[in-house]
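# Coordinates in review
Listed below are the residues making up each chain.
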Amino acid sequence: MADQFTAALDDAEEAHARYAEQLGLIEDRTPFAAESLPDTRVAVRVNDDLLQEVASHILTRAGHVSVTDKRGAGKTHFRELVYDALSEGPRSDEFAIARIREVESITTRRLYTRLLDELNAYDALDIPETYPRATDEVRQVVEDVAEQLEAADLTCIVQVDQLEDAARNTRTFEQLLAGLQSIGDLGETGPAFILFLFGTPEAGDRLDELRETLSSRLVAKDRSLERFEFAETEELIARWLAWARGEEYTEGYLSDPYTASAIRTIVERSDGTPRSIRQECYHAYRAGAQQFAAGDGVEITNETIETYA
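Residues numbered from 1 in each chain as written. Predicted model: local features only at pLDDT ≥ 70, side-chain atom pairs only at ≥ 80, totals over all residues. Heavy atoms only, no water.

## Regarding the side chain of Asp-161
By the secondary structure assignment, Asp-161 is in the loop between strand 3 (155-160) and helix 6 (163-167). On the basis of relative accessibility, which here comes to 4%, the residue Asp-161 falls in the buried class. Setting aside residues no more than four positions away along its own chain, Asp-161 makes contact with Arg-79, Ile-100, Arg-101, Val-103 and Phe-198. (Helix = DSSP H or I, 4+ residues; strand = E, 2+ residues; numbered from the N terminus. Buried < 20%, exposed > 50% of the residue type's maximum accessible area, 1.4 Å probe, protein only. Contact = heavy atoms within 4.5 Å.)

Have a look at this one:
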């Protein structure tokens, strides 16, 4: 006889398999289960206004941008949209892009060297193979690269992720912000480097506290991302189901077996962020599988969620 948890595994596997077959899903494609999007086509198109604003600031080199929002709000997806367009899109030859990640133990010098390492991929730039030991001397190298960027008519976007990781330690955050301000000041006719910063509101508050000058140079400061309402949630469900069936999503693709009452309940239970919405959609799907296993129907309603989720 199987132990209690093995029995639970077997029951869940059978319930999910039977429900997936009923819905016409491809084997091993469970909708809403993945934290990261399995395909870009699953993403709902939102934040058009903010994308337009960021595009304007980048094109005119008007100043630096920070996007600060709670975890799960969609910062990663927004950042990737911009990164993919600037690095691989039809206008990628106008830009250089450097991604600075894992900043929890960064120093000013390490920020400079990571920036140079990222820019080493661009043939138009002459990046030395080794860097000086002194921080000020490495900054001199960055200054030279700024001149090269301007001569090549390239705008460099410096994406810095998860500022909150560095903000936990005041000394580390001060080191990071000092380097960012130094980089952001380079350029003759405008910024050679456009800072594109991502973090939580708490990190934004710490930036204001520790570096007022840098904060004042953010032309778009503490921008937040759109929340999902009924229409966005319905579209997200339809997109995930299309992916799980191996079908192409088109406008009007049905969100069955999710009913309107279920979608309203999902929105009400969530905080409106894409992550929270996706998690509630998954719990509703799991509830639907349990309901179907109990012989109570295929449709996911608000009663399904309240009874089985």
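So that's the structure; there's more coming.
## Quick notes on the pairing of strand 1 (residues 64-68)
With five of five residues buried, strand 1 is to be regarded as a mostly interior element. Residue alternation in strand 1 divides its side chains into two sets, His-64, Ser-66 and Thr-68 and Val-65 and Val-67, and both sets are buried. Relative to strand 5 (residues 218-223), strand 1 runs parallel, the two being bridged by three bridges. The partner of His-64 across the bridge, within strand 5, is Leu-218. In this sheet, strand 4 (residues 193-199) lies alongside strand 1 in parallel orientation, the contact comprising four bridges. In the sheet register, Val-65 faces strand 4, and the bridge partner there is Phe-196. (Pairing = 2+ DSSP bridges.)

## Topic: the packing of aromatic side chains
Evaluated as defined, the whole model comprises eight aromatic pairs. Across the ring face of Tyr-83, the terminal group of Arg-99 is positioned such that the distance to the ring centre comes to 3.8 Å. (Phe/Tyr/Trp six-rings, centres within 6.5 Å; stacked < 30°, edge-to-face > 60°. Lys NZ or Arg CZ within 6 Å of the ring centre and 35° of its normal.)

## A short note on the sheet that holds strand 3
Reading across the sheet, the five strands line up as 2-3-4-1-5 and stay open at both edges, with parallel pairing between neighbours. With partners counted over all chains shown, the strands left at the sheet margins are strand 2 (95-100) and strand 5, one partner each. Each strand of the sheet is rotated relative to its neighbour by a mean of 10 degrees, with strand direction disregarded. The sheet contacts of helix 4 (residues 108-119) involve strand 2, strand 3 and strand 4, and relative to strand 2 the element is tilted by about 135 degrees. (Axes fitted to C-alpha atoms, helices over the stretch in contact; angles between N-to-C directions.)

## Things to note about the packing of helix 2 (residues 48-60) against helix 3 (residues 75-88)
At a minimum axis separation of 12 Å, helix 2 and helix 3 run at an interaxial angle of 45 degrees. By the angle class used here, helix 2 and helix 3 are oblique. As for the relative orientation of helix 2 and helix 3, their crossing is right-handed in sense. Residues Leu-50, Leu-51, Val-54 and Ile-58 of helix 2 touch helix 3, and the partners they reach there are Phe-78, Leu-81, Val-82 and Leu-86. A breakdown of the residues in the contact of helix 2 with helix 3 according to their chemical character gives eight nonpolar, no polar and no charged. (Parallel < 35°, antiparallel > 145°, perpendicular 65-115°, else oblique. Left-handed = near helix turned anticlockwise from the far one by under 90°. Nonpolar A, V, L, I, M, F, W, Y, C, P; charged D, E, K, R; others polar.)

## With respect to the layout of surface pockets
Put simply, the largest pocket is a space of about 1500 Å³. Together, 46 residues line the largest pocket, and Thr-76, His-77, Phe-78, Arg-79 and Leu-81 are the ones closest to its centre. For the lining of the largest pocket, the secondary-structure elements that each account for two or more residues are helix 2, helix 3, helix 10 (230-245) and helix 12 (274-293). The dominant element in the lining of the largest pocket, judged by the number of residues it contributes, is helix 3, at eleven residues. In the lining of the largest pocket, the residues fall into 23 nonpolar, ten polar and 13 charged. Every residue lining the second largest pocket is listed: Glu-13, His-16, Ala-17, Ala-20, Glu-21, Leu-25, Ile-26, Glu-27, Asp-28, Arg-29, Thr-30 and Tyr-285. For the lining of the second largest pocket, the leading source of residues is helix 1 (residues 4-23), giving five residues. Within the lining of the second largest pocket, the residues separate by chemical class into five nonpolar, two polar and five charged. (1 Å grid on protein atoms, 1.4 Å probe; cavity = no way out; pocket = protein on both sides within 12 Å on 5 of 7 lines; lining within 4 Å. Points joined across faces, edges and corners; volume = space filled by probe spheres on them.)

## Quick look at unusual backbone geometry
Here the bond from Asp-256 into Pro-257 is cis, since omega is 15 degrees, no more than 30 degrees from zero. Tracing the backbone through its elements, the reader meets Pro-257 in the loop between helix 10 and helix 11 (260-269). In this model, Arg-61 sits at a positive phi of 50 degrees, which is unusual for a non-glycine residue. Mapped onto the elements, Arg-61 comes out in the loop between helix 2 and strand 1.

## Quick look at the side chain of Thr-172
The residue Thr-172 is located in helix 7 (residues 170-184) in this model. Once residues within four sequence positions are removed from consideration, Thr-172 is found in contact with Val-103, Glu-104, Ser-105, Ile-106 and Ala-166.

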